[in-house]
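Each chain is listed here by its residues.
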Amino acid sequence: MIIHNNEEWLTLPLSQLAKKLCARKFGIGADGLIVLRNHSEYDFEIVYFNADGSQSLCGNGSRCAMHLAQRLGMIEQKGKFLAADGFHYGHIKKDDICIKMHDVHTIKRVAGGYFTHNGSPHYVKFVDNLAQLVVLQAGSAIRNSPPFQQEGTNVNFAQYQEENMFFVRTYERGVEDETLSCGTGAAAVALVAAQQGYQSPININTRGGKLKVHFERMPDNSFQEVYLEGPVEMVFQGTYEHELGKVL
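Residues numbered from 1 in each chain as written. Predicted model: local features only at pLDDT ≥ 70, side-chain atom pairs only at ≥ 80, totals over all residues. Heavy atoms only, no water.

S.K.: Is there a simple way to explain the packing of aromatic side chains in this structure?
M.R.: Two aromatic rings are characterised by how far apart their centres lie and by the angle between their planes. Under the defined criterion, the tally for this structure stands at 10 aromatic pairs. Both rings, one in Tyr 160 and one in Tyr 198, keep their centres 5.5 Å apart while their planes meet at 35 degrees; by these two values the pair is tilted. Of this pair, Tyr 160 sits in strand β10 (residues 154-160) while Tyr 198 sits in the loop between α4 (183-195) and β13 (202-206), placing them 38 residues apart in sequence. An angle of 85 degrees between the planes, with centres 5.7 Å apart, marks the rings of Phe 215 and Phe 223 as edge-to-face. Exposure class is identical for Phe 215 and Phe 223. Each is buried. Of the aromatic side chains, those joined through ring pairs into one cluster are Tyr 114, Phe 126, Tyr 160, Phe 166 and Tyr 198. (Phe/Tyr/Trp six-rings, centres within 6.5 Å; stacked < 30°, edge-to-face > 60°. Helix = DSSP H or I, 4+ residues; strand = E, 2+ residues; numbered from the N terminus. Buried < 20%, exposed > 50% of the residue type's maximum accessible area, 1.4 Å probe, protein only.)

S.K.: Help me out: how do you make sense of helix α1 (residues 14-22) in this one?
M.R.: Residues that lie three or four places apart on an α-helix share one face, since the helix turns once every 3.6 residues. Turning to α1, its buried residues number three or more, namely Leu 14, Leu 17, Ala 18, Leu 21 and Cys 22. Projected down its long axis, α1 shows its buried positions confined to an angular sector of 110 degrees, all on one face. Against β1 (2-4), β2 (32-37) and β3 (44-50) lie the buried residues of α1. (Arc of directions from axis to C-beta. Contact = heavy atoms within 4.5 Å.)

S.K.: So what exactly am I meant to see when it comes to the pairing of strand β14 (residues 209-217) here?
M.R.: Within a regular strand, side chains alternate between the sheet's two faces. Pairing of β13 with β14, which is carried by five bridges, proceeds in the antiparallel orientation. Within the sheet, the bridge partner assigned to Asn 205 lies in β14 and is Lys 210. Where β13 folds back onto β14 in an antiparallel hairpin, the turn is made up of two residues. In terms of strand pairing, β14 meets strand β15 (residues 223-231) through five bridges, oriented antiparallel. Within β15, the position partnered with Glu 216 by the bridge is Gln 224. (Pairing = 2+ DSSP bridges.)

S.K.: Please clarify how unusual backbone geometry should be interpreted in this entry.
M.R.: Peptide bonds are mostly trans, and most non-glycine residues show a negative phi. In the segment running from Ser 200 into Pro 201, the intervening peptide bond is cis, with an omega of -5 degrees. Position of Pro 201 relative to the elements: it lies in the loop between α4 and β13. A positive phi angle, near 70 degrees, is found at Asn 221, a position not held by glycine. Looking at the secondary structure, you find Asn 221 in the loop between β14 and β15. Judged by relative accessible area, Asn 221 falls into the partly exposed class, the value being 33%.

S.K.: How should the pattern of salt bridges be read in this particular structure?
M.R.: Close approach of charged atoms lets side chains of opposite charge pair. Applying the stated criterion across every chain, the model contains five salt bridges. Connected via shared salt-bridge partners are Arg 169, Glu 178 and Arg 207. (Salt bridge = Lys/Arg side-chain N within 4 Å of Asp/Glu carboxyl O.)

Right, here's the structure in full:
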């Protein structure tokens, strides 16, 4: 869900607004809220909140923000924007939107899987029979385990399919449930897979759609030129009148 706050009139605490709007039974319902606004040095800025009001980088959300920024005339085919983890660049080709993510320097073995941070913290574990896995239960157990209990982590389960393609399901912190697609999670899985010998680009299938991750693996096993690519589609737009009489 994205709000264009161009004139900075939004006065409610954004974390509070995110929790209210994202609530599936008392709000509109979403995994997170993005506030899109002007910035003096970049084409725009995005401020992302999870459904519980916490903040992080959202890869797919950033691609959606690029889509809306183009519709609003803030960018054409390319754009530079500021997010929670700093500056990003993106470009648009027809219905596919690609954003450049930050370099990833370390991937660690931990708790039977792998851990990395690419703007958001991600645990990755390769499994069999992913379609039958109860992700809510398995993901919650890992997210709340001692290595991650204090800061939290997103938990990605991945299964190899064919020719540089993986099926991925993700339990997201801040939502505290399985989500249908996680962009930063897709990128994390791709880079962990690259350490196992898979080559760029790596295709990621999620329950919410298809993504592609491009990267350059460096001699020291770090990763540069990491790009997250996939389609974006606006599914609805509307207005919401909150208690202060403002319309979003």
